[in-house]
Amino acid sequence: MTYPDPSPRPGDPRPVAARPIEAVRGEVDAAMAALDGLAGTPASEHVAAFERVHAALGAALAAGRPQA
């Protein structure tokens, strides 16, 4: 069995702290929205989706900005 690559997907090359907060929130929203379609997918695909959400949330926390 192979496991999906948990590394972040290519995107904005700037460090998280240098990105506009709206972009960071957008990444979190996109990752969370992908969870909506999991019910109809094989469980083997769930891990990758949860890892993307985890990475997006970690990046948002690393941005170190208070939420408005």
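Cut-off values and rules
- The numbering scheme is per chain: residues are counted from 1 as the chain's sequence reads.
- Where local features are concerned, this predicted model is filtered to residues with pLDDT of at least 70; where side-chain atom pairs are given and counted, the filter is 80 or more; whole-chain, interface and lining totals use all residues.
- To obtain the side-chain values, all non-hydrogen atoms of the structure were included, while hydrogens and water were left out.
- Every helix listed is a DSSP run of H or I at least four residues long, and every strand listed is a run of E at least two residues long, numbered separately from the N terminus.
- Buried means the residue's accessible area, taken with a 1.4 Å probe over protein chains only, is under 20% of the maximum for its type, while exposed means over 50%, and partly exposed covers the values in between.
- With residues, only the protein chains shown are counted as cover, and all accessible areas are computed by Shrake-Rupley using a 1.4 Å probe.
- Here a helix's expected span is defined as the number of its residues, less one, multiplied by 1.5 Å.
- By the convention used here, residues are in contact when the closest approach between their heavy atoms is within 4.5 Å.
- Directions are taken from the helix axis to each C-beta atom, and the arc is the one they span.

S.K.: Describe the overall build of the protein, and please don't skip the residues or the numbers.
M.R.: In terms of helices and strands, the protein carries two helices and zero strands. Put simply, the protein has 68 residues, and 18% of those count as buried. Summed over its atoms, the accessible surface of the protein is roughly 4,900 Å², and 64% of this surface lies on carbon and sulfur atoms.

S.K.: Go over helix 1 (residues 21-34) with me, naming the residues and quoting the values.
M.R.: Over its 14 residues, helix 1 runs 20 Å from end to end, which matches the ideal 20 Å to within 8%, given 1.5 Å per residue. In this structure, the buried side of helix 1 is in contact with helix 2 (46-62).

S.K.: If you had to explain helix 2 to someone new, which residues and values would you point to?
M.R.: Helix length check: helix 2, at 17 residues, gives a terminal C-alpha distance of 24 Å against a target of 24 Å (1.5 Å per residue), a fit within 8%. Along helix 2, the residues that are buried comprise A48, A49, V53, A56 and A59. What you see down the axis of helix 2 is that its buried residues fit within an arc of 140°, all on one side. Seen from the buried face of helix 2, the exposed residues on the opposite side, beyond 90 degrees, are H54, L61 and A62. Considering only its buried residues, helix 2 is in contact with helix 1.

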